[in-house]
Amino acid sequence: MRPAVPIVPLLCIAASALPAQGPTLREALQIARQHNADILSARFRIDSAQGEQKIARAFPNPAFSSNPNQPWNYSVTLPLDFTPERWFRTRAAGHGTAAANWDAADMERQITFQLCQAFTDVLLSERLRELATERHDILRQVLLADSARLRAGDLPERDVNKAELELARAEAEMQRAAAHVHATRLALQLLMGVTPPDTAFGVSGDLAYAPVEIPVDSLRGIASRRPDLRAAQDRVAQTRSLHSLATAQWIPVPIVSFTRATAPFGTDGLFSNGTRNAIGFGFTVPLWDWNGGARDRSRAGVAQAQLEATHLEAQVANDIATAVDAYRSARLLAERYEGGLLDRARRSLETARYAYGSGAISLLELLDAIGTWSDTRSDYYTALHDYWISVYAVGNAAGRDFIP
């Protein structure tokens, strides 16, 4: 049995307690497993289920009574809880505890995927902010050069005005990129259980391509051990045990009693057996309630649990198919960018900047080259982001981490 977990210290972690250089993905996952509120809540439900299992296993307490008549009688009554009802009751509680454990594992699976996605979102937002800053710096250099050419009479004023407008747009884009970085950082810290959140919070990682081999043909077999499927199977078994319990309640629980009488004044106070002690037996007769409602309810519970398990199996198959399709398309696109598209866009920008400085092309052609280069890098980072999200999604659908 797991030791009791103190509630207050685990509900949050201060940002100052995190690594100074920013946590890596593995470190962020470790922090979330210790401080995420949803994961902790699922673990507390395990403790509750274990308590219910203790209740189911406990034997009934004896009942003591006294009759203040003549003579005084003292008695103790004890139900003999050794019937099939006890077997099915404890079995159902055991399946409930197992399902709660699988639920906690499934919650960790879901939070792991959400945190990997949020971590990758932070990396993307930081790269896009760097891209917006770099574009702003290029346009500022163009404006400075054009202003000098305007004063020398080598450039019309409308080109300078156009450069100023583009620089203003770049400044606004840079501000939006910074705000997006703050939003993604706050979302990541929420999943990690960091309180209070800090917009200056950083992470350690790089948004770069690395091939990840996924056994596509084996995913269905791997996913059969997903924790939510295991929890659904335990709940089906639990409802069947509850149905058997409702049927077994027809069998009454025998009750044994022991009575001792005191002798009133002038009498011997003996029972017919010649002693002051008497042993009795009894049981409850289902005269008015034949437990039909409980049996109907448990029968419906079995059908509902089986339906939910079947639906979940179909959902798992759908998750795998969707994740694999996204993984294949994202990997293909990322590999195409790795094949040289980014380098060609960089060379085109450098050529355009040189040609514009020598007067061979117009400002609009230069701005078009800057926009193409910026869009290409933005699409490249987005493709890398989508690729890693698709890898995490396949792992989430199969219930296994495929990243070495």
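Definitions and limits used
- All chains use their own residue numbering, which begins from 1 and follows the written sequence.
- Two thresholds apply to this predicted model, a pLDDT of at least 70 for residue-level local features and 80 or more for giving and counting side-chain atom pairs, whereas whole-chain, interface and lining totals are computed over all residues.
- Just so you know, side-chain values use all the structure's heavy atoms and leave hydrogens and water out.
- By the criteria applied, helices consist of DSSP H or I runs no shorter than four residues and strands consist of E runs no shorter than two, each listed in order from the N terminus.
- Here, expected helix span is obtained from the residue count minus one, scaled by 1.5 Å.
- Here the rule is simple: two strands pair whenever DSSP picks up at least two bridges between them.
- For every element, the axis is a line fit to its C-alpha atoms; helices are fit only across the contacting stretch, and the angle between N-to-C directions ranges from 0 to 180 degrees.
- Any angle between 65 and 115 degrees counts as roughly perpendicular, while under 35 counts as roughly parallel, over 145 as roughly antiparallel, and the rest as oblique.
- The handedness criterion is simple: a crossing whose near helix is rotated anticlockwise from the far helix by less than a right angle is left-handed, and one whose near helix is rotated clockwise is right-handed.
- The contact rule is simple, with two residues in contact once any of their heavy atoms fall within 4.5 Å.
- Classification used: nonpolar for Ala, Val, Leu, Ile, Met, Phe, Trp, Tyr, Cys and Pro, charged for Asp, Glu, Lys and Arg, polar for all others including Gly.
- Between Lys or Arg on one side and Asp or Glu on the other, a salt bridge is scored when a side-chain nitrogen of the former is within 4 Å of a carboxyl oxygen of the latter.
- Think of it in three bands: with a 1.4 Å probe and only protein chains considered, a residue is buried below 20% of the maximum accessible area for its type, exposed above 50%, and partly exposed in between.
- Here a polar contact means two N or O atoms within 3.5 Å. Within protein one must be a hydrogen donor candidate and the other an acceptor candidate, and residues neighboring in sequence count only if both atoms are side-chain atoms.
- Residue-level confidence of the predictor is what pLDDT reports, using numbers from 0 through 100.
- The definition of a nonpolar core used throughout is a set of buried Ala, Val, Leu, Ile, Met, Phe, Trp, Tyr and Cys residues joined through side-chain atoms within 4.5 Å.

Student: Teacher, can you tell me more about helix α5 (residues 157–192) here?
Tutor: Within an α-helix, residues lying three or four positions from one another point in the same direction, as the helix has 3.6 residues per turn. Taking 1.5 Å per residue, 36 residues should reach 52 Å; α5 reaches 53 Å between its end C-alpha atoms and fits that length. The first or second residue beyond α5 is Gly 193, which carries a positive phi of 85 degrees.

Student: Can you help me understand the sheet that holds strand β2 (residues 73–79) in this one?
Tutor: In a beta sheet, neighbouring strands pair by backbone hydrogen bonds and run either parallel or antiparallel. In spatial order, the strands read β1-β2-β3-β4; together these four strands make up an open sheet with antiparallel pairing. Either end of the sheet is taken by a strand with one partner, and the two such strands are β1 (63–67) and β4 (277–282). Neighbouring strand axes in the sheet, compared pairwise and without regard to direction, differ in orientation by 20 degrees on average. As defined by bridge partners, β1 adjoins β2 across five bridges and the pair is classed as antiparallel.

Student: Hey, could you run me through the packing of helix α4 (residues 84–151) against helix α8 (residues 292–357) in this one?
Tutor: Angle between the axes and distance between the axes: these two values describe a pair of packed helices. Relative orientation of the contacting elements α4 and α8 amounts to 15 degrees, with a least axis distance of 12 Å. Taken together, the axis directions place α4 and α8 in an arrangement best described as roughly parallel. For the crossing formed where α4 meets α8, the hand is left-handed. Across the interface between the two elements, Glu 134, Ile 138, Gln 141, Val 142, Asp 146 and Arg 149 of α4 pack against Arg 346, Leu 349, Arg 353 and Tyr 356 of α8. When its residues are assigned to classes, the contact of α4 with α8 shows four nonpolar, one polar and five charged.

Student: Can you help me understand the pattern of salt bridges in this one?
Tutor: Overall, the coordinates contain 23 salt bridges when judged by the stated rule. The partner of Glu 108 in a salt bridge is Arg 33, and the shortest N-O contact between them spans 2.8 Å. Linking Glu 108 in helix α4 with Arg 33 in helix α2 (residues 25–35), this pair joins segments that are 75 residues apart in sequence. Look at Glu 108 and you get partly exposed, because its relative accessible area is 23%. A network of salt bridges, in which partner residues are shared, links Asp 106, Arg 109, Arg 226, Asp 228 and Asp 319.

Student: Can you walk me through the environment of Thr 351 in this structure?
Tutor: Relative to the helices and strands, Thr 351 resides in helix α8. Among the residues examined, Thr 351 registers a relative accessible area of 53% and is labelled exposed. C-alpha separation for the pair Thr 351 and Leu 366, spaced 15 residues apart in sequence, amounts to 9.4 Å. Within the structure, the side chain of Thr 351 is placed 2.8 Å from the backbone oxygen of Arg 347, a separation counted as a polar contact.

Student: Looking at this structure, I do not really get the environment of Ala 42. What am I missing?
Tutor: One can find Ala 42 in helix α3 (residues 37–57). According to the relative accessible area criterion, Ala 42 is buried, its value standing at 1%. For the pair Ala 42 and Asp 103, spaced 61 residues apart in sequence, the C-alpha separation works out to 6.9 Å. Leaving out residues up to four positions away in the same chain, Ala 42 has contacts with Ala 104 and Met 107.

Student: Even after reading the chapter, I still don't get the environment of Val 216, so can you show me in this structure?
Tutor: By the secondary structure assignment, Val 216 is in the loop between α5 and α6 (219–223). Using a relative accessible area of 26% as the deciding quantity, one classes Val 216 as partly exposed. It is 9.5 Å that separates the C-alpha atoms of Val 216 and Ala 321, two residues lying 105 residues apart in sequence. Setting aside residues up to four positions removed in sequence, Val 216 forms contacts with Val 324 and Arg 328.

Student: I keep staring at the side chain of Thr 90 and nothing clicks. Help me out?
Tutor: Within the secondary structure, Thr 90 sits in helix α4. Under the relative-accessibility criterion, Thr 90 is labelled buried at 18%. A distance of 3.0 Å separates a polar side-chain atom of Thr 90 from the backbone oxygen of Trp 87. In this view, Thr 90 contacts Ala 56 and Arg 57; residues no more than four positions away in its chain are not counted.

Student: So what exactly am I meant to see when it comes to the side chain of Thr 120 here?
Tutor: With respect to the element layout, Thr 120 can be found in helix α4. We classify Thr 120 as buried; its relative accessible area is 2%. Within the structure, the side chain of Thr 120 is placed 2.7 Å from the backbone oxygen of Cys 116, a separation counted as a polar contact.

Student: Where do I start with the confidence of the model for the protein in this structure?
Tutor: Low pLDDT marks regions whose predicted coordinates should not be analysed in detail. Mean pLDDT over the protein stands at 88; residues scoring 70 or higher make up 91%. Within the protein, the element-level pLDDT minimum falls on helix α1 (residues 7–10), averaging 41, and the maximum on α3, averaging 95. Low confidence marks residues 1–10, where pLDDT is under 50. Its contacts with residues over four positions away, or in another chain, come to twelve contacts.

Student: Would you take a moment to explain the nonpolar core for this structure?
Tutor: Nonpolar side chains tend to gather and get buried jointly when the protein is soluble and globular. In this structure, Leu 115 and Leu 188 are the most contacted members of the largest nonpolar core, which totals 53 residues. Where this core is concerned, the elements lending two or more residues are α2, α4, α5, α6, α7 (227–248), α8 and α9 (363–398). Looking at which element gives the most residues to this core, the answer is α9, with twelve residues. Apart from residues lying up to four places away in sequence, Leu 115 is in contact with Leu 25, Ala 28, Leu 29, Ala 32, Leu 188, Leu 191 and Met 192. Core analysis: the next-biggest nonpolar cluster, separate from the first, contains 19 residues, Leu 155, Val 160, Ala 170 and Leu 366 among them.

Student: I would appreciate a short explanation of unusual backbone geometry in the present structure.
Tutor: One can expect most non-glycine residues to show negative phi and most peptide bonds to be in trans. In the segment running from Thr 195 into Pro 196, the intervening peptide bond is cis, with an omega of -5 degrees. With respect to the helices and strands, Pro 196 occurs in the loop between α5 and α6.

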